[in-house]
Amino acid sequence: MLRFLGRGSAFFPDNNCAFFVKDGDLVLIDCPMSAVHKICKVGLRTLGGENVSRIVTVITHTHSDHVGGLGMMIHYCCYVLHIPVLVVAPSEQVAKDLYLLTDTLDGCEKGSYEIVTAADAGLDWIECPVPTEHSEQLQGKCFGWVLSLDGERIVYTGDTCTLDPFIPYMTQGCYLYTEVSVYRSPVHLYIEDIQAQLEKMKDKKMKVYFMHLDDEKAIEQAAKSLGAQLAPLFE
Ligand SMILES: [Zn+2]
Ligand SMILES: [Zn+2]
């Protein structure tokens, strides 16, 4: 369903970034600098097809491994690709914070991009942002997303230390893309803490993918025994 330009957590070279193509939009979930470099390298059309005419980036939160490439992406689309960028923020506050980044700090050309909330995005594949718990410093400003693509529901956690806010959206047969960590910390989802939930997910025939990996080998091993898979990379 989703493919990934990178699936690493913050201190890895290819930071987590999912993408898909919909109605002429190349849609990215978050926008790390590593994703911008990958698009520069492989080419927009290779990723998005011949008809891609806009980049949409759906933001989860403002940590730099998630928005560190946003300004550069807007510059690149403005000066090189000559296509607009639509940035979809999960809340009014995050929209304001993103504007500080793209306008005040990065001086992106006005008119080359727009920052909107989901309600104003006009994208029917967005169900809703889901507020979650992640970093204390970004309290109230961290979100996952629920999307509906080709008749399938996608639950995407973003960075989170808990699955609880997402459980009401986990319907029969849905896709779950969840962050997982093998290092225990108060901000990320510790792998042993989701094992019990994975049993219930199996009963619901959910398709579970692990992303934002802090130790790919260890998580790959764990995924096998848990009936989950690693987020599929675009190669
Ligand atoms: Zn992160
Ligand atoms: Zn984060």
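Residues numbered from 1 in each chain as written. Chains lettered and ligands numbered in written order. Predicted model: local features only at pLDDT ≥ 70, side-chain atom pairs only at ≥ 80, totals over all residues.

**Looking at the packing of helix H4 (residues 70-81) against helix H5 (residues 92-105)**
Contact pair H4 / H5: the axes reach a minimum separation of 9 Å and the direction vectors enclose 55°. Here H4 lies oblique to H5, going by the angle between them. Crossing angle aside, the handedness with which H4 passes H5 is right-handed. Facing H4, whose interface residues are Leu70, Gly71 and Ile74, H5 presents Leu98, Leu101 and Thr102. When its residues are assigned to classes, the contact of H4 with H5 shows four nonpolar, two polar and no charged. (Axes fitted to C-alpha atoms, helices over the stretch in contact; angles between N-to-C directions. Helix = DSSP H or I, 4+ residues; strand = E, 2+ residues; numbered from the N terminus. Parallel < 35°, antiparallel > 145°, perpendicular 65-115°, else oblique. Left-handed = near helix turned anticlockwise from the far one by under 90°. Contact = placed C-beta atoms within 7 Å. Nonpolar A, V, L, I, M, F, W, Y, C, P; charged D, E, K, R; others polar.)

**Observations concerning unusual backbone geometry**
Notably, Asp23 is not glycine yet its phi reads approximately 50°, a positive angle. Take Asp23: it is sitting in the loop between strand E2 (17-22) and strand E3 (25-29). Positioned with a positive phi, Asp30 is a non-glycine residue whose angle comes to about 70°. Secondary-structure assignment places Asp30 in the loop between E3 and helix H1 (33-42).

**Some thoughts on the nonpolar core**
By size, the foremost hydrophobic cluster in this structure holds 60 residues, and its most contacted members are Cys17, Leu28 and Val87. With residues up to four places along the chain from it excluded, the contact list for Cys17 reads Phe4, Leu5, Gly6, Leu28, Ile29, Asp30, Cys31, Pro32 and Ala35. (Core = buried A, V, L, I, M, F, W, Y, C linked by C-beta atoms within 7 Å. Buried ≥ 20, exposed ≤ 12 C-beta atoms within 10 Å, placed from the backbone.)

**Brief notes about the packing of H1 against H4**
Running from amino to carboxyl end, H1 crosses H4 at an angle of 25°, the nearest separation of the two axes being 8 Å. Put simply, H1 runs roughly parallel to H4. When the axes of H1 and H4 are compared, the crossing they make is left-handed. Along its contact with H1, which presents Met33, Val36 and Cys40, the element H4 presents Met72, Met73 and Tyr76.

These figures come from the coordinates and say nothing about function on their own.
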